[in-house]
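If you want the building blocks of each chain, they are given just below.
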Amino acid sequence: MKRQIKTFSTLLIALMMMVTVLAACGSSNSDKEKSTGTDTSTDTKSTDTAADTGGEDKSADAGKPDTSKKVQLVWYLLGDAHKDTPKVVEEWNKMLEKDLNVTVKLNFTTWTDWTTKYNLLLASGEKIDMIFASSWADYYKFANQGAFMPLDDLLPTYAPETWKSVPEQDWKEATVNGKIFAVPATYPEYTPDGIVYREDWRKELNLPEIKDLNSIEAYLDGVKKAKNVTPINGKAYNEIFTMFKSYNNYQQIGGDSGVVVAKSYDTPRDIVAYPFTTEFEQWAHKMKEWKDKGFWKSDTLSDQKEAGDAIKTGQGAVYWRNAPGAGGYIMGLQTSNPDIEMGYFPFSRFNNLTMPTLSVNNAMAIPKSAPNPERSLMVLDKLRNDPKYYDLMNYGLEGTNYSVDTTDSKFIVSPPAGTPKDDKDHTAYGVASWGYRVESMERVKQAGGWPGFDALLEEFKSQSKPNIFAGVLMDYAPVKSQQAAVNSVIQQYGMPIMMGLVPDVDKAIANYRKQLEAAGVNDVMDYIKEQANKYFDSQGIN
């Protein structure tokens, strides 16, 4: 009997030791999952899907991603597919299957009611592995609401090249509440306002080179007198208002905030309503002089004609354009009016300051419902850093959509060499690929092939500072009625003053300020200050 009891005790101890070992193994596996950055709290439904489709297994090899199981990912881009997209995606999937044992089902929202479709995709919980994201598509709102998956722990393991190459400032702009929720495109876009103008007339009339406000005025005056045309012939408000802001280094803040600006880039917390400044008073008097000299017409605020159209017919000389728009316009004129020589003056030269658009203006995010976030990041990393992948998904099929430029192999040309001139079926390949653009990988000359754009881009880069204002995106619901009233006052009283269309400038400004205060401009300004300072605090901006 004692022997039986002793044997039983021995067996019991052995069983307890086995349970302890198994528990330790379970703990070790759990720790390994955490080390890969995987969220182990993924709901049962997502886990089941990953298992059914061969979802991402955690590697047993020092955290190295495991691609042994084939996975099909679901991606969404905005806009429409190109007619050749099925062929492009087919080739893409062949490459992906070989390199990463994965394929992608690429979907498009189309541009028809895309906002509703986009919102529904994120609200419905549909299993999507990656989706285009943007500040103009409510990236910050959706990130705040938990629609996207935090990527901080995943990026170093599953997108190591991207993690290393994206600038710190861009990651900062993609951060919401301390977490990164999107991979921003590494393609700084510079879109400062400016004017295109008849450079051939400037040379012919021996007018000064345009480099400041005085030379702009001299040019407008010289063209008006010598050519007997209205220099800005059509809608002129964009030209004048954007010039006013840039000249005074005013920075628009808070989106649709109407008259509220930061007084300069260097003092972002000094937020004012510009109609109450001496700078506005001085500008209003100057614009009254310009209007009386005939630089634009009295009906300019109601005129629906583009000033650029008057240039084509010899009835105008100046047109507002941002830098990429200027390139497109100038290159278009080389086709329609090759005898006209145009120049361009960016208003950024007033203060030698250019800010790129916010990096998350174009980005890629992973919805919270994604079954395979790890593998999706691996595909994105390949797409952003491998030239074969980048060229295919941005420019299409070589020989069908483009060919390599014979004069400089760094670039491509479209349509491809050998395409008949009367081939009307060919269109350059393009889908909404902005979310994964990388400047160093680009192979197309920008701004419509405008020769002056490269030098201009270098100028912008040399004076570039981070866009510290674009991230101040607010919900104006608390001051909705005041905001609407202020915008109405701007249209009724402010715009005529800006364009010099009032008989008595000082009297008009006094009335304008009175109307703004009655509409609630101080409430709007106080709200913007409060929200902006919270954002600046979170970003460490003084």
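Residues numbered from 1 in each chain as written. Predicted model: local features only at pLDDT ≥ 70, side-chain atom pairs only at ≥ 80, totals over all residues. Heavy atoms only, no water.

1. Observations concerning the packing of aromatic side chains
And then number 1: Under the counting rule described, the total for this entry stands at 39 aromatic pairs.
And then number 2: Seen in terms of ring centroids, W111 and W114 are 6.2 Å apart; in terms of plane orientation they differ by 90°. Their pairing is edge-to-face.
And then number 3: For W114, a relative accessible area of 17% corresponds to the buried category.
And then number 4: Where Y395 meets Y402, the ring centres are 6.4 Å apart and the plane angle is 75°; that geometry is what we call edge-to-face. Side by side, Y395 and Y402 carry an identical accessibility label, which is buried.
And then number 5: Taken together, Y237, F241, F244, Y247, Y250, Y274, F280, W283, F345, F347, F350 and Y512 form an aromatic cluster joined through their ring pairs.
And then number 6: The ring of W201 carries the charged tip of R198 above its face, separated from the ring centre by 4.0 Å. (Phe/Tyr/Trp six-rings, centres within 6.5 Å; stacked < 30°, edge-to-face > 60°. Buried < 20%, exposed > 50% of the residue type's maximum accessible area, 1.4 Å probe, protein only. Lys NZ or Arg CZ within 6 Å of the ring centre and 35° of its normal.)

2. So, the pairing of strand β12 (residues 342-346)
And then number 1: Most of β12 is tucked away, with five of its five residues classed as buried.
And then number 2: Here β12 shows two buried faces, one formed by M342, Y344 and P346 and the other by G343 and F345.
And then number 3: Note that strand β7 (residues 193-198) and β12 share five bridges and pair antiparallel. Of the residues in β12, the one forming a bridge with G194 is P346. (Helix = DSSP H or I, 4+ residues; strand = E, 2+ residues; numbered from the N terminus. Pairing = 2+ DSSP bridges.)

3. Section: the packing of helix α11 (residues 237-247) against helix α12 (residues 278-292)
And then number 1: Where α11 meets α12, the closest approach of the two axes is 11 Å, and the angle between their N-to-C directions is 140°. Relative to α12, the element α11 is oriented oblique. Between α11 and α12 the crossing geometry is right-handed. Along the contact surface, α11 presents I240, M243, F244 and Y247, while α12 presents E279, F280, W283, M287 and W290.
And then number 2: Grouping the constituent residues of the contact of α11 with α12 by class yields eight nonpolar, no polar and one charged. (Axes fitted to C-alpha atoms, helices over the stretch in contact; angles between N-to-C directions. Parallel < 35°, antiparallel > 145°, perpendicular 65-115°, else oblique. Left-handed = near helix turned anticlockwise from the far one by under 90°. Contact = heavy atoms within 4.5 Å. Nonpolar A, V, L, I, M, F, W, Y, C, P; charged D, E, K, R; others polar.)

4. Here's the deal with the pattern of salt bridges
And then number 1: Enumeration over the complete set of coordinates arrives at 27 salt bridges.
And then number 2: With a closest N to O distance of 3.0 Å, K235 and E306 form a salt bridge. Linking K235 in the loop between α10 (213-227) and α11 with E306 in the loop between α12 and α13 (307-312), this pair joins segments that are 71 residues apart in sequence.
And then number 3: Residue K235 is classed as partly exposed on the basis of its relative accessible area of 30%.
And then number 4: On the accessibility criterion, E306 (30% relative accessible area) is partly exposed.
And then number 5: R349 is the partner of E459 in a salt bridge, and the nearest nitrogen-oxygen pair spans 2.8 Å. Of this pair, E459 sits in helix α17 (residues 453-462) while R349 sits in the loop between β12 and β13 (363-365), and the two are 110 residues apart along the sequence.
And then number 6: On the accessibility criterion, R349 (31% relative accessible area) is partly exposed. (Salt bridge = Lys/Arg side-chain N within 4 Å of Asp/Glu carboxyl O.)

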